Amino acid sequence: MRSGGKDSREALNPWDIGFGAALLVFALWALFFWFPADIPTGFFFINSVGREEPGDAFFPIILASLLAGLSLIQMILSWRNRRSNADADETGSITLSNVKFMAIFLAVVGIGLGLMYWLGPVTVAVLNAAGLLDGTYRNFSDTVPYKYLGYVAGGSVMTLALIVWAEGRVRPVAVMTVVAVLVVAILLFDVALRNVLLPPNADF
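Residues numbered from 1 in each chain as written. Predicted model: local features only at pLDDT ≥ 70, side-chain atom pairs only at ≥ 80, totals over all residues. Heavy atoms only, no water.

*Asks:* Can you break down the overall build of the protein chain residue by residue, with the values?
*Replies:* Looking only at helices and strands, the protein chain has six helices and six strands in total. For the protein chain, the N- to C-terminal ordering of α and β elements is β-β-β-α-β-β-α-β-α-α-α-α. Counting only residues that meet the buried cut, the protein chain has 26% of its 204 residues in that class. Residue pairs in contact within the protein chain that sit at least 24 positions apart in sequence constitute 62% of those at least 6 positions apart. With an accessible surface of roughly 13500 Å², the protein chain has 68% of that area assigned to carbon and sulfur atoms. (Helix = DSSP H or I, 4+ residues; strand = E, 2+ residues; numbered from the N terminus. Buried < 20%, exposed > 50% of the residue type's maximum accessible area, 1.4 Å probe, protein only. Contact = heavy atoms within 4.5 Å. Areas by Shrake-Rupley, 256 points an atom, 1.4 Å probe, with all protein chains shown as cover.)

*Asks:* Could you give an account of the packing of aromatic side chains, with specific residues and numbers?
*Replies:* In this structure the tally under the stated criterion is seven aromatic pairs. Aromatic side chains phenylalanine 140 and tyrosine 146 sit 5.4 Å apart centroid to centroid with 65° between the ring planes, which places their arrangement in the edge-to-face category. Both residues of the pair, phenylalanine 140 and tyrosine 146, belong to the buried class. Counting every residue linked through ring pairs, the aromatic cluster contains Phe26, Trp29, Trp34 and Phe35. (Phe/Tyr/Trp six-rings, centres within 6.5 Å; stacked < 30°, edge-to-face > 60°.)

*Asks:* Describe helix 2 (residues 58–80), listing the residues and the values that go with them.
*Replies:* The terminal C-alpha atoms of helix 2, which comprises 23 residues, lie 33 Å apart, in line with the 33 Å expected from a rise of 1.5 Å per residue. Along helix 2, the positions that sit buried rather than exposed are Phe58, Ala64, Ala68, Ser71 and Ser78. Buried-residue contacts for helix 2 involve helix 1 (14–38), strand 4 (44–46), strand 5 (52–54) and helix 6 (172–192). (Expected span 1.5 Å × (residues − 1).)

*Asks:* Requested: an account of unusual backbone geometry, with residues and values cited.
*Replies:* Backbone torsion omega between valine 144 and proline 145 reads 0°, so that peptide bond is classified as cis. Take proline 145: it is sitting in the loop between helix 4 (137–140) and helix 5 (146–167).

*Asks:* Summarise the side chain of serine 71; cite the residues concerned and give the values.
*Replies:* If you trace the backbone, serine 71 turns up in helix 2. Classification of serine 71 by relative accessible area gives buried; the value is 2%. Within the structure, serine 71 has its side chain in polar contact with the backbone oxygen of leucine 67 (distance 2.7 Å). If sequence neighbours within four positions are ignored, serine 71 has contacts with Gly20, Leu23 and Leu24. (Polar contact = N/O pair within 3.5 Å; in protein donor to acceptor, adjacent residues only side chain to side chain.)

*Asks:* Kindly report on helix 3 (residues 96–129), identifying the contributing residues and their values.
*Replies:* Over its 34 residues, helix 3 runs 46 Å from end to end, which matches the ideal 50 Å to within 8%, given 1.5 Å per residue. Along helix 3, the largest kink reaches about 40° and is centred on tryptophan 118; proline proline 121 follows within four residues of it. For helix 3, the full list of buried residues reads Val108, Val109, Gly112, Met116, Gly120, Pro121 and Val124. Next to the buried residues of helix 3 lie helix 4 and helix 5. Once helix 3 ends, the next one or two residues include glycine 131, with phi positive near 80°. (Bend = angle between axes of the 7 residues up to and from the residue.)

*Asks:* Hey, could you go over the nonpolar core for me, with residue numbers and the actual values?
*Replies:* Of all hydrophobic cores here, the largest spans eleven residues; its members are Phe58, Met116, Tyr148, Tyr151, Val178, Leu182, Ala185, Ile186, Phe189, Leu193 and Leu198. Mapped onto this core, the elements with two or more residues apiece are helix 5 and helix 6. At five residues, the largest contribution of residues to this core is made by helix 6. Apart from residues no more than four positions distant in its own chain, tyrosine 148 is found in contact with Ala153, Ile186, Asp190 and Leu198. (Core = buried A, V, L, I, M, F, W, Y, C linked by side-chain atoms within 4.5 Å.)

*Asks:* I'd love a proper account of the packing of helix 5 against helix 6, names of residues and values included.
*Replies:* Interhelical geometry of helix 5 versus helix 6 gives an angle of 145° and a closest axis separation of 10 Å. Taken as a pair, helix 5 and helix 6 cross one another with a handedness that is right-handed. Seen from helix 5, the contacting residues are Lys147, Tyr148, Tyr151, Val152, Gly155, Ser156, Thr159, Leu160 and Ile163; seen from helix 6, they are Ala174, Val175, Val178, Leu182, Ala185, Ile186 and Asp190. Here the residues of the contact of helix 5 with helix 6 are counted per class, giving eleven nonpolar, three polar and two charged. (Axes fitted to C-alpha atoms, helices over the stretch in contact; angles between N-to-C directions. Left-handed = near helix turned anticlockwise from the far one by under 90°. Nonpolar A, V, L, I, M, F, W, Y, C, P; charged D, E, K, R; others polar.)

This is how it looks when you write it as structure tokens:
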């Protein structure tokens, strides 16, 4: 059907659909093929004293499941928000704006992950040099407050920066949401699950 000489049929955005589909396929492959083949203890396992505890696949399965769900939502929203061909923008080429967006996004994520991984060890090293502590970060990776430094700082900077960037302003509700999510994660994965270490503490 044409109106005013232009095609008014609905068109999907191939970038949105393709991105969502690729992530969904990767998440499903990880859940059903990669993790079962490479991670021996699974989601939960029975330890040597007969107690059930989270296995090595606990966090990977949670993350892959979240990725699959978000990818499916992305595809559904792209389908619902499809536009007519007459109104659709050109989406077949990568523009300078696309590159700038990706560069900023990767920079924010990189800074957040850098803080998450290195703030704790660097803090402990500085305190060691000042004679206030005695031991490497490995000795304090399950000790308050050192085990929370990187996770809280890196998680806060990364998520809050992305929210502020997306909204174009700082809102108290955004700050409170980030703090609430971090607190819930600490209570769930560090307090309730005693055999699980918050990232990146298990690496040390």
